[in-house]
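Reading the structure
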Amino acid sequence: MKACFMGLGYIGLPTAIIAAKHGVEILGVDINPKVVEMTNQGKLHIVEPGMEEMLQEVVRNGQLRASTTPEESDAYFMVVPTPFKGDHEPDISYVESATRMVVPFLKEGDLYVIESTSPVGTTDKMAELIFSLRPELKDKIYIAYCPERVLPGNVIYELVHNDRVIGGMNEASTKKAQEFYGQFVQGTLHPTNCKTAEMCKLTENSSRDSQIAFANELSMICDKAGINVWELIALANKHPRVNILQPGCGVGGHCIAVDPYFISSEFPKEARMIAMAREVNNYKADWCVEKVKNAMLQFELEHQRKPVVAMMGLAFKPNIDDLRESPAKYIATKVMQGCNNADILVVEPNIASHNVFKLTPYDEAYEKADIVVLLTAHNEFKTLQWSDDKVILDFCGIFKK
């Protein structure tokens, strides 16, 4: 069969590659000509271990090619961003735009699937749009929602082995989508309806956001109380029914930092704990900014000179290049804004360059720095040795001191 993937980003491109690897003819569509060009050259425009070799293989054998426009296929997958508009209100215009692009190519028996994280009811809205433009397709095509469940840095394994939730507009649509994903997913394919599948994705990430918020709140309490939060969590987790996560400098990425708003914006009176967890995790980044600025001021008062400050990490999680919604990037930006009392060195070993930040190699920055701010627990940073001669603000548990 032939499948058209609308969107070649962090989820769309890996999924397209995996499907192509398992024998599906893939057309990948992206509005960015550079992404299309790189993909057709077998060059991965994201960082994902082992994925570029697979891309080169499927491009070379003709199983995958990229274009800026869709064409007639047997299945269509919407894997485009769902950003915010206004006050954290979800924007499904990208999903709608991608849907409008494929509508002219739809024919009887085709499968249409949304993978983009979406507010509850989005699949129904897109079905209404399709049938308003092509009424003759009513009850003639299969429509479903199937959210991704992958961890950046481990996408190849998780796309194949993780369970998937598949919610169709009807039972026939669910089964049709299961048939497609069954070609490469070894995990269990759990059937449900589209609204439940949409809510399931939002629930998973809201749950994780709440758990991280507890750890982040605990870290701020411990800082004020003079308690080592890393030791405290390790001891508390000795309880057989306690599993507290590790705190950080906030929460980032285009999932956990975003998805809870899709619930709280739609159900503001009911989603009180979900909304509060978002507030805690957002506040943790601002709390880190204040800690850094206070350390800079204290250093200047004690030493009568400007400190050299190393901001270690910009990505939202360890060992990836993804800066979307990154609290580390936010903290670095806030510290640098209007900063005249320090020399700031910014470090991110997973990207070669940045259009805003001048990047410094991590070992050079650590050696030069008077104040070291550890924001992301990259493997490179774990090779560094603790120095009593430096002020070290460890927000991600590199040294756990």
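Everything quoted here is computed from the prediction, not taken from an experiment.

Let's talk about the layout of surface pockets
Put simply, the second largest pocket is a space of about 350 Å³. Lining the second largest pocket are 19 residues, with Asp223, Val229, Trp230, Asp394 and Lys401 positioned closest to its centre. Mapped by element, the contributors of at least two residues to the lining of the second largest pocket are helix H8 (194–225), helix H9 (229–236), helix H11 (272–303) and strand S14 (391–394). Of the residues assigned to the lining of the second largest pocket, the class counts are 10 nonpolar, four polar and five charged.

So, the side chain of Arg134
Mapped onto the elements, Arg134 comes out in the loop between helix H5 (122–133) and strand S8 (142–145). When its relative accessible area of 18% is taken as the criterion, Arg134 is described as buried. In this structure the side chain of Arg134 is engaged in a polar contact, spanning 2.5 Å, whose partner is the side chain of Glu136. Ignoring any residue separated from it by four or fewer positions in sequence, one finds Arg134 in contact with Val103, Pro104, Phe105 and Leu106.

Structural notes on the pairing of strand S11 (residues 308–312)
Along a regular strand, successive side chains alternate from one face of the sheet to the other. A large share of S11 lies buried, amounting to five of its five residues. Covered by surrounding structure in S11 are Val308, Ala310 and Met312 together with Val309 and Met311, the residues of both alternating faces. Where S11 meets strand S12 (residues 343–347), five bridges bridge the pair, whose relative direction is parallel. Across the sheet, residue Met311 finds its bridge partner in S12, namely Val346. The β-α-β motif built from S11, the intervening helix H12 (residues 327–336) and the parallel element S12 has right-handed crossover chirality. The sheet contact formed by S11 and strand S13 (residues 371–374) spans four bridges and is parallel. Bridge pairing in S13 links Met312 to Leu374.

Side note on the side chain of Asp30
Within the fold, Asp30 resides in the loop between strand S2 (25–29) and helix H2 (33–40). Here Asp30 sits buried without a salt bridge, and the closest side chain of opposite charge, Arg324, lies 11 Å off (N-O distance). In terms of polar contacts, Asp30 uses its side chain to reach the backbone amide nitrogen of Asn32, at 2.9 Å. Filtering out sequence-adjacent residues up to four positions away, Asp30 remains in contact with Gly7, Leu8, Gly9, Val35, Val36, Ser67 and Thr68.

Some thoughts on the packing of aromatic side chains
Counted by the stated rule, this structure contains 11 aromatic pairs. On the numbers, 6.2 Å between centres and 50° between planes, the contact of Tyr362 with Phe381 is tilted. Taken as a pair, Tyr362 in helix H13 (residues 362–368) and Phe381 in the loop between S13 and S14 lie far apart in primary sequence, 19 residues in all. Three or more aromatic residues joined by ring pairs make a cluster, and in this case those are Phe5, Phe77, Phe180, Tyr181 and Phe184.

Re the sheet that holds S11
Pairing is parallel across the open sheet formed by four strands, whose spatial order is S12-S11-S13-S14. Since the sheet does not close on itself, it has two edges, and those belong to S12 and S14, each with one partner. Taken over all neighbouring pairs, the strand axes of this sheet differ in orientation by 15° on average, direction set aside.

What counts and how
Residues numbered from 1 in each chain as written. Predicted model: local features only at pLDDT ≥ 70, side-chain atom pairs only at ≥ 80, totals over all residues. Heavy atoms only, no water. 1 Å grid on protein atoms, 1.4 Å probe; cavity = no way out; pocket = protein on both sides within 12 Å on 5 of 7 lines; lining within 4 Å. Points joined across faces, edges and corners; volume = space filled by probe spheres on them. Helix = DSSP H or I, 4+ residues; strand = E, 2+ residues; numbered from the N terminus. Nonpolar A, V, L, I, M, F, W, Y, C, P; charged D, E, K, R; others polar. Buried < 20%, exposed > 50% of the residue type's maximum accessible area, 1.4 Å probe, protein only. Polar contact = N/O pair within 3.5 Å; in protein donor to acceptor, adjacent residues only side chain to side chain. Contact = heavy atoms within 4.5 Å. Pairing = 2+ DSSP bridges. Right-handed = clockwise from strand over helix to strand, strands pointing away. Lys, Arg positive; Asp, Glu negative; His and termini not counted. Salt bridge = Lys/Arg side-chain N within 4 Å of Asp/Glu carboxyl O. Phe/Tyr/Trp six-rings, centres within 6.5 Å; stacked < 30°, edge-to-face > 60°. Axes fitted to C-alpha atoms, helices over the stretch in contact; angles between N-to-C directions.

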